[in-house]
Amino acid sequence: IIFDEIPIFNTSNDQALKIKNIGQDELILQSVDISENFSLNNLCHDTLKSQDFCYLIIGFEPTTTGVITGSLSINSTAKSEPTIIPLSGTGISTALFISPKAINFTTVTLTDLEVPPENSNKETSESVMTVKNIGSKTLINLTITNPAEPVATFFQTNTCPKNLEAGTTCFITVIFDPAISGVFT
C-alpha cells in the first residue's frame, strides 16, 4: 500500500484492505500488526467463515520527513508463514499546524421554514480551528475560502492575516448553517 505525501504529524486518507476467506474451512486471524508511522483499524472478527470478508483500514501518520516504509503482518490459519504487506509513504515538512483536523457538528434544529429567513428560529453550530505557523519563516499569501456550492451550508470567518509570521497563531470559525434538513459533509 502506497500513501501520498503527508505533512508530518498529520493523517492520510485511510485505505481499506479487504480480507476474504476463499477456502472451505474457517479462517482464524491470529494476529494483525502494523509498523510505526502507520495506523490500523481492524474491522475483522477473529474468525471468518468460508466466503466471508472483512476490512482492515490502514492510515499513514508520519512523524519524520522523507520516505517511510513499514509493513502490515497478518498471521492466520491460512498458511504457516505470516502474510506481509509492504507499506510506504512520504512525510513532508510543513510549517502549518491546524487543529482539529476534522469537525463533527451537532444536530441543528430547523423550525418555521415557511416564514421569511430573517424571522425564522433557525439554529447554527460553530467550531473554532487553530492555525499556527510552526515554521521559522513567514507563510506568504495564506488564503482561506468558503466552500463552493452546493456545500454552502458551511461558512468560515477567520483572524488569519495574508502573511502569517513564524510562531503566530490565528483562528478559523467554521459555521454550520443548513437551509434544509439532511446530512451534510
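Reading the values: rules and limits
- Residues numbered from 1 in each chain as written.
- Predicted model: local features only at pLDDT ≥ 70, side-chain atom pairs only at ≥ 80, totals over all residues.
- Heavy atoms only, no water.
- 1 Å grid on protein atoms, 1.4 Å probe; cavity = no way out; pocket = protein on both sides within 12 Å on 5 of 7 lines; lining within 4 Å.
- Points joined across faces, edges and corners; volume = space filled by probe spheres on them.
- Nonpolar A, V, L, I, M, F, W, Y, C, P; charged D, E, K, R; others polar.
- Pairing = 2+ DSSP bridges.
- Helix = DSSP H or I, 4+ residues; strand = E, 2+ residues; numbered from the N terminus.
- Axes fitted to C-alpha atoms, helices over the stretch in contact; angles between N-to-C directions.
- Phe/Tyr/Trp six-rings, centres within 6.5 Å; stacked < 30°, edge-to-face > 60°.
- Buried < 20%, exposed > 50% of the residue type's maximum accessible area, 1.4 Å probe, protein only.
- Core = buried A, V, L, I, M, F, W, Y, C linked by side-chain atoms within 4.5 Å.
- Disulfide = S-S within 2.5 Å.
- Contact = heavy atoms within 4.5 Å.

Enquirer: Is there a simple way to explain the layout of surface pockets in this structure?
Expert: Using a probe with the size of a water molecule, rolled over the atoms, empty space left in the structure can be pinpointed. Size it by volume and the largest pocket reaches roughly 270 Å³. Lining the largest pocket are 15 residues, and of these Thr106, Phe176, Gly182, Val183 and Phe184 sit closest to its centre. Considered class by class, the residues forming the lining of the largest pocket number 10 nonpolar, five polar and no charged.

Enquirer: Can you help me understand the sheet that holds strand β9 (residues 96–99) in this one?
Expert: Across a sheet, paired strands are connected by hydrogen bonds in the backbone, their directions being either parallel or antiparallel. With antiparallel pairing, the four strands of this open sheet are ordered in space as β9-β10-β12-β11. Looking at which strands have only one partner, the edges of the open sheet turn out to be β9 and β11 (154–158). On average, adjacent strands in this sheet sit at an angle of 25° to one another, irrespective of strand direction. Bridge count between β11 and strand β12 (residues 169–176): five bridges; the pairing is antiparallel. Looking at the pairing, Phe155 lines up with Ile175 of β12.

Enquirer: Quick question: what am I supposed to make of the sheet that holds strand β5 (residues 47–48) here?
Expert: Across the sheet, which stays open at both edges, the five strands sit in the order β1-β8-β7-β3-β5 with mixed pairing between neighbours. Two strands close off the open sheet at either side, each with one partner strand: β1 (2–7) and β5.

Enquirer: Hey, could you run me through the packing of aromatic side chains in this one?
Expert: The relative placement of two aromatic rings is captured by the distance of their centres and the angle of their planes. In the structure shown here, the tally under the stated rule is seven aromatic pairs. Taking 5.8 Å as the distance between ring centres and 25° as the angle between the ring planes, the aromatic pair formed by Phe3 and Phe60 counts as stacked. Residue Phe3 is located in strand β1, and its partner Phe60 is located in strand β6 (residues 53–60); the two are separated by 57 residues in the primary sequence. The same class applies to Phe3 as to Phe60, namely buried. Put simply, the rings of Phe3, Phe38 and Phe60 pair up and form one aromatic cluster.

Enquirer: I tried to follow the nonpolar core on my own but got confused; where do I start?
Expert: With 19 residues, the main nonpolar core has Ile19, Leu56, Leu72 and Ile74 as its most contacted residues. For this core, the elements supplying multiple residues, two or more each, are β1, β2 (15–20), β3 (27–34), β6, β7 (66–76) and β8 (83–92). For this core, the element with the highest residue contribution is β6, accounting for four residues. By size, the runner-up hydrophobic cluster in this structure holds seven residues, among which are Met129, Val131, Ile172 and Val174.

Enquirer: For this particular structure, what's the right way to read the state of the cysteines?
Expert: Note on terminology: a disulfide is the covalent bond linking the sulfur atoms of two cysteines. Evaluated as defined, the whole model comprises two disulfides. For Cys44, the disulfide goes to Cys54, at an S-S distance of 2.0 Å. On the sign convention where negative means left-handed, the S-S torsion of about 90° between Cys44 and Cys54 marks this disulfide as right-handed. Linking Cys44 in the loop between β4 (38–42) and β5 with Cys54 in strand β6, this pair joins segments that are 10 residues apart in sequence. When sorted by exposure, Cys44 lands in the same class as Cys54, which is buried. One disulfide in the model links Cys160 with Cys170; its S-S distance is 2.0 Å. On the S-S bond that ties Cys160 to Cys170, the torsion sits near 85°, and the link is right-handed.

Enquirer: What should I look at first to understand the environment of Glu165 in this one?
Expert: Relative to the helices and strands, Glu165 is located in the loop between β11 and β12. Sequence separation between Glu165 and Ile140 is 25 residues, and the spatial gap between their C-alpha atoms is 8.4 Å. When residues no more than four places from it in sequence are discounted, the contact partners of Glu165 are Asn133 and Thr138.

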